[in-house]
Amino acid sequence: MEDAARPSGKARSRLELTTVFGGSGFLGRRIVKHLLDDGAAVRAASRHSTLAKRPQVYGGSLSAVKADILDQEQVAAAVSGASTVINAVSLYTERGDVTFERVHVEAASRLAAAAREAGAVRYIQISGIGSNPRAASAYIRARGQGEEAVGAAFPNSIIVRPAVMTGSDDAFLTTIVRLLRILPVYPLFGSGDTRLQPAYVEDVAEAIARLALGASDPEARLFEFGEPRVYSYRELVEEISRLLDVRARLMPVPFWAWRALAIVAELVPGAPLTRNQVELMQIDNVAARSGFRELGIEPRDIDVVVQAIREKSRP
């Protein structure tokens, strides 16, 4: 990985404290780690604060607080004194009154406003490629409306849109690996033509840490992150099967069948398949430009992640 855009000591000295909401999540905890490795002071805010604060040694200082993004008093306390606030909270399945609208739009807007009122100079909203405030999908629409709401609440906010993120503990690549190993026939989403540009979560976290430390063009407001290669979904599955050295027999499955399956799956807590995932698989997930290159980062390909998954699954 290149060091050209690594934050200077001057950039670090300007950063008093970064609050990371969703600091115990798949992406959030990695953002925390990269910030700490760069010597920053970090406050990890999470509904599960004990998960955010793990016994590890870093170059910076870490504090962990319990803060639900839906609780305005906890939000205000968590952003107090922070010069940078990062929102890495995400919701993939609606439960009762915890809806996409409430989390991705209303809560994100209130968090951005609280950050501005607390005197933060930088606010970073984690969204996703394909976000569209006018989309038919409630999830995709909420993501897009959230970007607009944050922009209104914190005018100089930075929007980050990663492609589908991969890692040894993800819910995307690990599922493909597991199914390729156990199924005689692998079911594709549709004909497998959707274009994807997966991004390694560690690369995304490093990029966000650099943004938080002021490494980007101060006028830049939107960053999209994807790995070097663009695959069709079929090509991605074939590449993973090659890396695993397994034979893949692929079978197209229409999207209406996936939607029906997702409706049933969502009745089970921790559903392995949701309707928003099916909806996302119907649209291309490709970065319009390389945010990694703008930050001096050389992104890694999926072979790194597949190897990590293989190592993790060995007895």
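A brief look at the structure comes next.

## Notes on the nonpolar core
Part 1: Counting residues in hydrophobic clusters, the biggest one holds 62 residues, and the most contacted among them are L35, I176, Y233 and I240.
Part 2: Of all the elements, helix 8 (residues 201-212) adds the most residues to this core, at 8 residues.
Part 3: If we skip the residues at most four places from it in the chain, I240 touches L173, I176, V177, L180, I302 and V306.
Part 4: Core analysis: the next-biggest nonpolar cluster, separate from the first, contains 33 residues, V75, V89, F100 and V105 among them.

## Regarding the pairing of strand 2 (residues 41-46)
Part 1: Counting buried positions along strand 2 gives 6 out of 6 residues, so the element sits mostly inside the fold.
Part 2: Side chains A41, R43 and A45 project from strand 2 onto one buried face, and the interleaved V42, A44 and S46 project onto a second face that is buried too.
Part 3: As defined by bridge partners, strand 1 (residues 18-21) adjoins strand 2 across 4 bridges and the pair is classed as parallel. Note that in strand 2 the partner of F21 across the bridge is A45.
Part 4: Assessed by its sense of winding, the connection that carries the chain from strand 1 through helix 2 (residues 28-37) to strand 2 is right-handed.
Part 5: Examined bridge by bridge, strand 2 and strand 3 (residues 61-66) share 6 bridges and lie parallel to one another. Among the inter-strand pairings, A44 is bridged to a residue of strand 3, identified as A64.

## Here we look at the packing of aromatic side chains
Part 1: Taken as a whole and judged by the stated rule, the model has 8 aromatic pairs.
Part 2: Ring centres 6.4 Å apart and planes at 20 degrees place the aromatic pair F223 and F225 in the stacked group.
Part 3: When its relative accessible area of 0% is taken as the criterion, F225 is described as buried.
Part 4: Taken together, F189, Y233, F255 and W258 form an aromatic cluster joined through their ring pairs.

Reading guide: rules and limits
Residues numbered from 1 in each chain as written. Predicted model: local features only at pLDDT ≥ 70, side-chain atom pairs only at ≥ 80, totals over all residues. Heavy atoms only, no water. Core = buried A, V, L, I, M, F, W, Y, C linked by side-chain atoms within 4.5 Å. Buried < 20%, exposed > 50% of the residue type's maximum accessible area, 1.4 Å probe, protein only. Helix = DSSP H or I, 4+ residues; strand = E, 2+ residues; numbered from the N terminus. Contact = heavy atoms within 4.5 Å. Pairing = 2+ DSSP bridges. Right-handed = clockwise from strand over helix to strand, strands pointing away. Phe/Tyr/Trp six-rings, centres within 6.5 Å; stacked < 30°, edge-to-face > 60°.

Taken by themselves, the reported measurements are silent on function.
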